[in-house]
Each structure stands twice: as C-alpha cells, then as structure tokens.
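If you want the building blocks of each chain, they are given just below.
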Amino acid sequence: MPIIALLIFTFGTAVIGLFIPIRYGNRFAFLSSLIVFAYSLYLFITFPITAEYQYVLDCAWIPSLGIHFKVGIDGISILLVMLTTFLTPLIIFSIRKNEPRPRAFYSLLLFMEMALIGVFVSMDGFLFYIFWEIALIPIYFICLLWGGKDRVRITLKFFIYTMTGSLFMLVGLIYLYLHTPVQHSFDMQALYAAGRSLSAHAQCILFWFFFLAFGIKMPIFPLHTWQPDTYTDAPTQGTMMLSGIMLKMGIYGVIRWMIPMLPLGLAQNANYVLWLSVAGVVYAGIIAFTQRDMKRLIAYSSISHVGLIAAGIFAFNQQGLQGGIIQMLSHGVNVVGLFFIVDIIQSRTGTRDIGSLGGIRLKAPFLATVFAIIMLGAVALPLTDGFPGEFLLISGVFKFQNIAGAVAGLTIIIGAVYMLRTYQRSMLNEPSLETDKFTDLTWVEKSVLIPIVIMVILIGIYPNLFLKVSEPAILKLLSGV
Amino acid sequence: MLQYAALIPFFPLAGFIILGLLNKKLPKNIAAVIACGMLLISFGLALGVFMNISGKTEEVQLAPWINVGSFSASFTFLLDPLSSIFLMIITGVGFLIHVYSIGYMHDDEKHNIFFAYLNLFIFFMLVLVLASSYLLMFVGWEGVGLCSYLLIGFWFKTKAYNDAAKKAFIMNRIGDLGFLLGIILLFITFGSSDYHTVFTKANGLMSGDTMITTITLLLFVGAMGKSAQIPLYTWLPDAMAGPTPVSALIHAATMVTAGIYMVARSGILYALSPVSMLVVAVVGIVTAVFAATIALTQNDIKKVLAYSTVSQLGYMFLGLGVGAFSASVFHVMTHAFFKALLFLGAGSVIHGLSGEQDIRHMGGLRKKMPITHITFLLATLAIAGIPPFSGFFSKDEILGHAFSAGMVFWVLGVIGSMMTSFYMFRLLFLAFYGTYRGDEHKVHAHESPKVMTIPLIILAILSTIGGFVGVPESLGGSANFDKFLEPVFHDAYAKMLLMEHSQILSEVALMGITVAAAAISIFFAWNMYVKKKTVPVSEGTRLPFLQNMSYHKYYVDEIYSALITKPLDKISGFLGNVVDNKFIDGIVNASGKLTNWVSGLMRFVQTGNVDFYLLAMVVGIALIIFFKLM
C-alpha cells in the first residue's frame, strides 16, 4: 500500500496543482512534494535490512497478456526513491517567481516525480516500460516550453534519441516475454528466468538492445551527444531533473533489468561496455577543460561521472555495484547543487560564461562557500559525498581489470582540473564588470542549497547509512539468485 | 590516559567550526585566542601521549566509516612512538606558528578565516598521522592538500596566487592517484588497509615480492607529490604565494613531510622491496642535489627557502631509501625546527620591510632586527650541519647510512650539503650583513613585535639543542631517538640485515669530512658576499649558461607547460569541437537525414493509385512464388 499511496498522491497533486489559484501554486507544489519526502523518509528509516522486496503489491492489470500492476521496494530502489523525493522539493522550491505558466511547470514536475518513482518500484516489465516512457512526457514539455533559444530543435533531437533507445528496449522486452512459459508473463522473475534460459549468443544480442536504451539515457559515450545541448538549453529545473534523477533511470535499468536478465550477455560484453564507460570518463572530462559555458561544462562533467558509475556497475563486483549505488545519490545531490548555482549566477549577471565572471567570493561569501563545498564533493575529497563512491567504483573497476581501474582513476585528476578552473574563474580573482554588483544568496536560495550541503557532508562521513541498506540486495544480485 | 589522545584532533576541528561559522562576528583577538588555545590543549594531550607511549602501541576506535565487503575502513586512531613524534611536531611547532600569526596577520581583514583554515589544517594533519589504516591516512592526506590549496590562494584577488594554489592541488592529485591505486592494491592483496593487518601479513612474505614492489612504488608516487620530489616538485616553490606562516607550517614543517611519514610508516613494505628502496633513495638524492643547485641563484628570500625545503626533503628520502628510517624521522623533526624558524625569520624580515622579498634590496638588517638576525643565524648553522646544532646530528646520521649503502649516495650528499651551506649563508649575509640596499626613505626596517619574536626564540633554542636527543654512539651519545623508534621499525630492520654499526672510526671520519666541507662553503660565501660585497646582478642581465639554467629553474615549468598543459587544452578543444560536434554528432544527424531521405523515396511509392498497388502486389506474389520454387 505505501507505494500506491506515493504514486497516487504525487499524481493527484500534479492534477490538483493545475487548478489551484496561481498565488498558492508554489506553496501547494512545494508542500505536497515535502509530504512525499517525509513519507518516503519514514519508509527509509523503517526499512528492514534484507534482500527481500517490501510492500509488494500485485494486481492483475491486463490478465490476458500476463501484465500485472506489480510494485515493490528493495534496498536498491528505496535509495533511488529517496533521492527522487529529496531532490524534487528542492527543485520545485528553486523555481523563480517570475517564471511564466508556473502552475503547469509545478504540475509537470510533480507528474514527473510520480513517473520516476514508478520506474524505481516496478516489478513488471511492461509497467516499467510504461513508467519509463511516461517520464519522458513531462520533461519534453518542460524543455520545450521553458527552454532556451534553440529549444525546439534540441528537444526534438533529445526526444527522438531517447525514444529510439526505448524502442529497442521494448523489442527486447517483448522478445523475452515470448520466451516466458505459455500464458506469457511480464513479471520480473519470469523475465529473469526467460533471459537466463537463452543461449549466450541470444543474450549478447539482447544485451545490446537494452544497452542502447539505458546507455542513451545515462548517457554512455558515444551515445551522449544529445546531452550537452539538452542540459544547456533546458530550463534549470529541467536540467536538474534530467541530471539529478532521470539519468539514474538508465543506471537503475542496468542493475535491475539488464544484468539479472542477461548475465551471459554481460559476461561476454562486460569488457567492451566497461571500456566504453571508462573512455567516456576521460573523454568528457577532457572536453570539460575548455568549456566556457558553466552549464555545458557541468553537463560534460556529468557524462564523465556517470561513465565511472557505469564502469563500476559493469565490473559487477560488490565494490563496483555498491559504489555505483552510493555515487548515484552523491552525483544527484552534487549536480543539482551545481546547476542551481549556475542558475543563481546567471540570474544575477546575465551570463554563464566563466570568461566574464570572477571575484564573486568577494561579493557573495556565502554562495562561494557553498559552491566550494559542493565542488569538493564533485572532486571526491574524502569526507565529502563524492569520495566513498569514487573510491569504491575505482576499486571495483580495478578488480575487474587493473589497467581500466587506473584509467578510470584519472577522474580524480581530471575532475580537479576542470572544477578548480571553474571555481577560480567564477569565484576568485578580481570582480569583473558583470559581477561587480553581485548580491549574496537570498533565503530561498539558501534553503535549497543548505540541505544539499548537509547531504554532501553526511554521505561523506557516514556512507554506511546508505551502503548498509543496499548491501543485501546487491549481494543477492551478485549471487545470481 | 591514552584513550583521551583520540581527542587531540578534535580541538582544532572545533576551533575551525567555531571560527568558520562565526567568522566576522568574532573580534580578532578572541578568534586568535580560540585558535591558539585549541592547539595548546592538543599540544598538552600530545605531550601526555609522548610521555607514556614509549614501547607501546595503542588503538582507539571511534566509529565505522565505509564497509563494503573486504573494502572497509573505520575512524580508528593508532598511537605509537612514531605517531607521537609527529603529534609533538605538529601541535608544538604548529602552536608556535599560530602565535606568530597573531602578529603577522594582525592587520589582515580575513584574519579570522585565516585562523579557521590553520585549525582545519592541523586537524587533517593530525588525522593523517593518527590514522590506523591507509584509507584513513588518505583522508588526512587529501584534507591537508585542501587546506594547502585554501591557504596558498588565501589572498584570492590575485590571479597568480590562485594559479599557484590550483597547481599545488592538481599536482598533489597526480600523486594521490598513485597513492589511491596503491591502497586499492593493498585491499586486494591483504584484504584490508589497516596497518596492523597489512604489516602482519607482509611480515610473512619474502623479499622482492612483485606485488609489494608495485604497491610501494604506487605509494611512493603519492609521497613524491606531497613531499615535492622530482618530477612533482614544481608546485612547492609556487606555493610560497601563501602568507609566510603558511609556508612555515604547511610547506616546511609539517605537510610536506607527510610523504616521509608514509614511507617510514610503511617501512616493512619497503624493506621487502629492494627495488623500491633504491628508487626512493635515487629520487631523494637527485632531488636533494637538483633543488640545491636552483637555490644557489634565487633572489627571493622565500624561493631560496622553498628550494631548500625540496632539497632537505630529498635528504630525508635518501635516508629512507638506504634504510635509515629513524634518522629520516629525526631529520623531519630537526628540519621542522630550523626550517620553520627560517621561514618565520623571513616573514619577520618581510614584515619589517613592508613586503620586500628580494634579498638584493636587503642588507645590514643585523642591527635593525637583532632578534630576527640571531635566530636566523642559529637556524642557518643548524641547516648547514655545523655541530652541535640540531641539523648536524640528523643529517650526518642519514649520510652515514648512505655511505654504507653506496659511496655515490654519500658523495652526492656531501656535494649537496656544501651547496646547502653556501646558499644559506649567501642568504644570511645578503640579508643581514653589509649595508642596507633598499630605499631608506620609503621603508623603515624595524624589529617585529614580541608575539612574533618569542616563537622565533623558542624555535631557535630547539634548533640549537634539538639534536641532542639523538647523539650517536660514535660520539659518546646513546642514540635515544633511534631507541625510541626502534619498536616501530624493528621488523623492517630485520628484513634488511644491513644495519651494521661496526665502523665507528670511519663514522667519525665521515662526519669530519662533511663538517669541513660545510665550513669551506661558508668561507666561500663569506668571502664573496661579506668581504667582496658582491650583490647578485639585477634582472635581465645575461648570465653564464649554468647560472642562467639555475636561475630559471632549468625551465622545468616551461617544459611542463609546453608538453602537458598546452597540448591538453588543444586536445580538449579538438575533442569538443571536432570529434564530439562534427564526428559523433555528425553520425547521429546523418542517421536522421538518412531516414528523411529514405522516407522521401518511399513517398513516391505512396501514389494513391489503386492500379499501381495492384500491379505491385501481383509482381510481389510472383516473386515470392518464384523464389519459393527455386
């Protein structure tokens, strides 16, 4: 029941939000997302440390086709649900007052939250696919209606790109469905069994079908070219949603669906996909060196970070998987903080070009400190949230293949280069014409950024809080049961 | 008692949090008292540990941190003689430098935040030496790097300072990658990164194990970054951009010796790998001599001291590489005394001359700054290795061991030591002797206030007598320092089997040679800069080739920039603009265009003409039947 409550509540508020008087729209959306967060926090705190699915609900949906509305939460999905419900209120709260059509904006965000939660709790392949596609609708409109100058072209490209990937997944799912015992079923366990019964050759082919879908979503090099443009051109809240939560759908899909269904496919192809991911770490990191648009720079840094997460997961050992899970949380927290800071800078100065910034620390010490802490998280300084994840991921990749681990490890150097460069050219040095009248954070901005800073430090000092929750599920996944 | 030692790092951390949160709301003097007071408490506790630790090893568990299978680490502190010596240096010298900073930073508007950073630095440095596992050491290791970054770029309005800070952080990160991979290999090999587990298991291994060699070399990459050894040393001279107390504390006395600490701590691992030992020794001695040749011609008082630090760190690595672990730690201690004193003395000069750092514009400060002069002189004697000053004992112990390990190490060591004496006395004579060469009307040289000179005096006393704790047996002492550390290095020494102490006579003879060599250098320096009153030529004058190379630091920065920094920027631009935008995205767009084109073709088929459809159908069926029959 709790899961249904979460889904219905978010969906309901998304609909009601459209009819609330405009001046209450903000408060309504924020409060309802806060309630969702409080409830999922309660679920998280009371979550038993076991590998079993909790709160499973299974009712037939289209019985003739073996499609069920089956949802449940395990140690992996609870963390992603938490991430979604933690970030959504912050993202909603960060919307500026003068945004046009505010109610639609809020409702689309709430609607998207519903779809994302749905993706993370689905235990039926068809239901998963439905939520996966539904999540695309709100973000499509958010980018299209509130985006930048080139939004029509870029959003269309983003849409076609990810739809193409999704179709491959659909074909894969149907293929597996047809291999389930007669009275076919989309049930997760049935699909697992169907996948595993296939020959190695068939698993390999299906592996690439799913890889396209999930790899585009993350994105993994070289399927990433929609991402810098979309992140740059989408409104900040859209970018936050995309980078903070939505890309985790792809990673989650790999962990939850692709690997358990196609273990032989992974075994045969792990080397290739892992090296693609590692290549992306270095490739995107180096491109970030010379980006001048802060938003675009963080977009590339995101490709680099996600590449490391993917590599750790494809390495398929305890360190890699656990590192991947905790890094999904850290990356979500950090990237939302960073994109919001860029938004703040842009709203004050009218530019995101680091070439025309500088000296902001002198004018806005609070912002500079917050930026510094989140930056340290992004460069994985120990005792910040980036470190446990990066350490475990590099360890996991290293265990898989030591050279790949060493190359992936370059991220700690490359990340420091582009982040420190960005920090220096925006926050330090002499103030420029644009930053001369810069004012420090407002209370609204503070209330978005302070929870993020707290998470940066909390995950850094006490990662076990999250690692212990996902551990049983990961061990079960590794044992292949 | 020893349980309370776990609190040592948390006082400075509390100081950081208080000062960081309240910042400008606190009056300057209260902020200073909090910062210094926190450190004084830590020093008191460290002293208690030091008194009680002899021969003991104690672990204090605080909390778990990361647990993922065998990859786990907790917040657990280790107290033993080695860590207690570092605790004493960090809190003791650290406290003196904090006090000194009250005077030095008095008029700075970011006074409070400066003390907050200093406290944070002490916290991380203490974590580094108290850690009971490599992974926790890494926490302190990166933490001090962060503080170094913050403090080098403390005056962040100046771009050059920020560049120096960034360079320090990134260069350290290059080393840190080696360190991190070394830690991961430790986990894979030993199932843990706790010292206790690793060392116990390693003790059972044979010398020359390849895995141990790989691990120790990776760890040493980390040490090269943090302790500024070739090729990762160029950040340290640039780090002098930070306020002078920072140079004294971080870039001379404590942080840069973390690499020495790490190798000494891993003594047993290095002892198992003759190859790694040789690499450490060679990198050490080459850096020691190379940096000394650069220091010979520098004119910025802090740059001379910076290259001197790089060089002295090289000596410490030489000591480690030849198996003289306790001698190296001894040199860490004496170096902390005299190099901190030299930097603080330089700071006093800079403070007295309103920011002047060029020794060509100094001279004759002896009379105007008597306390600074005397203390600086004592420190110079100590670094030059003149008996009975502290540097003599520690450096000679290293050179003595170097002699038994290989004649060439010793010869190069003595040459480096001659250069050390020369550049240090050159600096002393140019700054404090002769006549004042600056503008008398603009700058009124004056002695610094007591809050700055008292730390100088205490450090001068330590630099003078600090060596007596380790007087070797050959000179009638009892080598107390070595005996204190013996339990820590016992297993490592046992693996090396080369610590013979038979040649007492030649040991004394060797000392005689090094002291004589140092004395000759001092005489040359005196002859040149006091008797002949030579002043280094001004900027832009053509220099003879060797001098020019030394003066321009062998153009290493320029080479790095041309070979690494600039090409990387080019590659970045190429990948972003050409590969990503044109090639990969080009393929994506082309596939879109292809679809358009194909659909364009297909449109011609959709004519709406029923006759055509019928014809197509018939032809299609005919073809199918035809192929079926075939």
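Here the structure is a predicted model, which is why all the values come from computation and not from measurement.

Student: How would you explain the packing of helix α9 (residues 200–217) of chain A against helix α12 (residues 263–289) of chain A if you had to name every residue and give the values?
Tutor: All names here are of chain A. It is the contact of α9 with α12, at a shortest axis distance of 7 Å, that shows an interaxial angle of 45°. As the angle between them shows, α9 and α12 are arranged oblique. The two elements α9 and α12 cross, and the hand of that crossing is right-handed. Between α9 and α12, the residues in contact are Ala 200, Gln 203, Cys 204, Phe 207, Trp 208 and Phe 211 and Pro 263, Leu 264, Gly 265, Leu 266, Gln 268, Asn 269, Tyr 272, Val 273 and Leu 276, respectively.

Student: Describe the domain arrangement of chain B, naming the residues involved and giving the relevant values.
Tutor: Residues and elements named next belong to chain B. Taken domain by domain, chain B consists of domain 1 (1–132), domain 2 (133–551) and domain 3 (558–629). Distance from the C-alpha centre of domain 1 to the C-alpha centre of domain 2: 23 Å. The interface is formed by 51 residues belonging to domain 1 together with 60 residues belonging to domain 2. Here domain 1 and domain 2 share one salt bridge between them. Residue Arg 265 is joined to Asp 80 by a salt bridge in which the shortest nitrogen-to-oxygen separation is 2.8 Å. Elements supplying a minimum of two residues to the side of domain 1 that touches domain 2: β1 (58–68), β2 (71–79), α3 (81–104) and α4 (111–130). Ranked by residues supplied to the side of domain 1 that touches domain 2, first place goes to α3 with 18 residues. Looking at side-chain class alone, the side of domain 1 that touches domain 2 contains 35 nonpolar, twelve polar and four charged residues.

Student: Explain the nonpolar core to me, using residue names and the numbers behind them.
Tutor: Membership of the largest hydrophobic core comes to 422 residues, with the highest contact counts inside it found for Phe 314 of chain A together with Tyr 134 and Met 137 of chain B. Phe 314 of chain A has contacts with Phe 211, Ile 220, Val 254, Met 258, Leu 266, Ala 270, Val 273, Leu 274 and Ser 277 of chain A, leaving out every residue within four places of it along the chain.

Student: Break down the interface of chain A and chain B for me, citing the residues and quoting the values.
Tutor: For an interface, size is often stated in terms of accessible area lost upon the parts coming together. The interface is formed by 54 residues belonging to chain A together with 49 residues belonging to chain B. Between chain A and chain B lies a buried interface of about 4,700 Å² when both sides are counted; carbon and sulfur atoms form 70% of it. One salt bridge in this structure joins Asp 569 of chain B and Arg 421 of chain A, with 3.4 Å as the shortest N-O distance. Our count for the chain A to chain B interface comes out at 20 residue pairs in polar contact (both at pLDDT 80 or more). Class assignment for the residues of the side of chain A that touches chain B results in 33 nonpolar, 13 polar and eight charged.

Student: Could you give an account of unusual backbone geometry, naming the residues involved and the relevant values?
Tutor: In this model, Met 218 of chain A is joined to Pro 219 of chain A through a cis peptide bond whose omega is -5°. A cis amide bond links Ile 230 of chain B to the next residue, Pro 231 of chain B, at an omega of 5°. By secondary structure assignment, the location of Pro 231 of chain B is in the loop between α8 (210–226) and α9 (235–238). The residue Leu 383 of chain A is not glycine, and still its phi comes out positive at about 75°. Its location among the elements puts Leu 383 of chain A in the loop between α16 (365–378) and α17 (386–400). We classify Leu 383 of chain A as buried; its relative accessible area is 18%. For Asn 23 of chain B, which is not glycine, the phi dihedral falls at a positive 45°. Structurally, Asn 23 of chain B can be placed in the loop between α1 (10–22) and α2 (28–52).

Rules of the game
Residues numbered from 1 in each chain as written. Chains lettered and ligands numbered in written order. Predicted model: local features only at pLDDT ≥ 70, side-chain atom pairs only at ≥ 80, totals over all residues. Heavy atoms only, no water. Axes fitted to C-alpha atoms, helices over the stretch in contact; angles between N-to-C directions. Helix = DSSP H or I, 4+ residues; strand = E, 2+ residues; numbered from the N terminus. Parallel < 35°, antiparallel > 145°, perpendicular 65-115°, else oblique. Left-handed = near helix turned anticlockwise from the far one by under 90°. Contact = heavy atoms within 4.5 Å. Domains from an automatic or database assignment. Salt bridge = Lys/Arg side-chain N within 4 Å of Asp/Glu carboxyl O. Nonpolar A, V, L, I, M, F, W, Y, C, P; charged D, E, K, R; others polar. Core = buried A, V, L, I, M, F, W, Y, C linked by side-chain atoms within 4.5 Å. Buried < 20%, exposed > 50% of the residue type's maximum accessible area, 1.4 Å probe, protein only. Buried area = accessible area lost by both parts, 1.4 Å probe. Polar contact = N/O pair within 3.5 Å; in protein donor to acceptor, adjacent residues only side chain to side chain.

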